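# Working through the structure, step by step
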Amino acid sequence: KSLKSATESVNIYVSQGNIYSVVSGGLSRNMRILSTLTLDVSQSYDEDVYGLFGTDAGLSFTWTCLLIAPVLSNNCSSYFKSKFIEDTGTIHALSTSVGTIAQVSVTITDSQRTRFAQSVVTIKVLPPMATLVTASSNRLTGFMTESQSLQLVGTLSV
């Protein structure tokens, strides 16, 4: 009989998943003067938290608004009235805002505050009678395989 034995050891390293920022309605938006636009990032997710989205996944949200035109400013309050609560923001275009372009940024952070994702939505304010064209798709992220189908839906508001 042999009394030989062997021991083997394996190290397994698991890296953290990514945070994904998902903006309903897309990253380029038009709105009419004196109207309100809702920004919804509630479908954002953490790859490490299966089946939960937004605040349910432990994500936190930080919003900022940068005015691009008619002047560059980190304060949008002269042209917009905005309110941001967790994963949803509303922006109302004031009477002074025709022709204004703003960028609203949302930074999404995991519960440990070690990982984040960011999206920037560009908003252009049009005159009251301007035609608005909106397009959306059935995809939440930009990744697709050749076996998946893409559905685009468009609306025209006059």
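Summarised in this report is the structure supplied together with it. In this text the structure is predicted, and so the values were computed from the model without any measurement.

This part takes up the pairing of strand β7 (residues 88-93). Only one face of β7 is buried, namely the one carrying G89, I91 and A93, since none of T88, T90 and H92 on the opposite face is buried. In this sheet, β7 lies alongside strand β3 (residues 36-40) in antiparallel orientation, the contact comprising 5 bridges. Each residue of the ladder has a partner; that of T36, found in β7, is H92. Note that strand β6 (residues 80-85) and β7 share 6 bridges and pair antiparallel. Looking at the pairing, K81 lines up with H92 of β7. Hairpin connection of β6 to β7: 2 residues between the antiparallel strands, including E86 at a positive phi of 50 degrees.

Here we take up the state of the cysteines. In this structure the tally under the stated criterion is 1 disulfide. Between the sulfur atoms of C65 and its disulfide mate C76 the distance is 2.1 Å. A torsion of -90 degrees about the S-S bond marks the disulfide between C65 and C76 as left-handed. With C65 in strand β5 (residues 60-69) and C76 in the loop between β5 and β6, the pair connects residues that are 11 residues apart, well separated along the chain.

If you trace the 4 strands from one edge of the open sheet to the other, you get β2-β9-β8-β5, paired in mixed fashion. Looking at which strands have only one partner, the edges of the open sheet turn out to be β2 (28-32) and β5. Across this sheet, the average inter-strand angle for adjacent strands is 25 degrees, counted without regard to direction. In the sheet, strand β8 (residues 101-109) pairs with strand β9 (residues 116-126) via 9 bridges, with the strands oriented antiparallel.

This part takes up the nonpolar core. Ranked by size, the top nonpolar core spans 26 residues in total, and within it M31, L39, F61, W63, F80, V104 and I123 carry the most contacts. Where this core is concerned, the elements lending two or more residues are β3, β5, β7, β8 and β9. The contacts of I123, once residues within four sequence positions are left out, are R29, M31, L37, L39, I91, T100, I101, A102 and V104.

Reading the values: the criteria
Residues numbered from 1 in each chain as written. Predicted model: local features only at pLDDT ≥ 70, side-chain atom pairs only at ≥ 80, totals over all residues. Heavy atoms only, no water. Buried < 20%, exposed > 50% of the residue type's maximum accessible area, 1.4 Å probe, protein only. Helix = DSSP H or I, 4+ residues; strand = E, 2+ residues; numbered from the N terminus. Pairing = 2+ DSSP bridges. Disulfide = S-S within 2.5 Å. Axes fitted to C-alpha atoms, helices over the stretch in contact; angles between N-to-C directions. Core = buried A, V, L, I, M, F, W, Y, C linked by side-chain atoms within 4.5 Å. Contact = heavy atoms within 4.5 Å.

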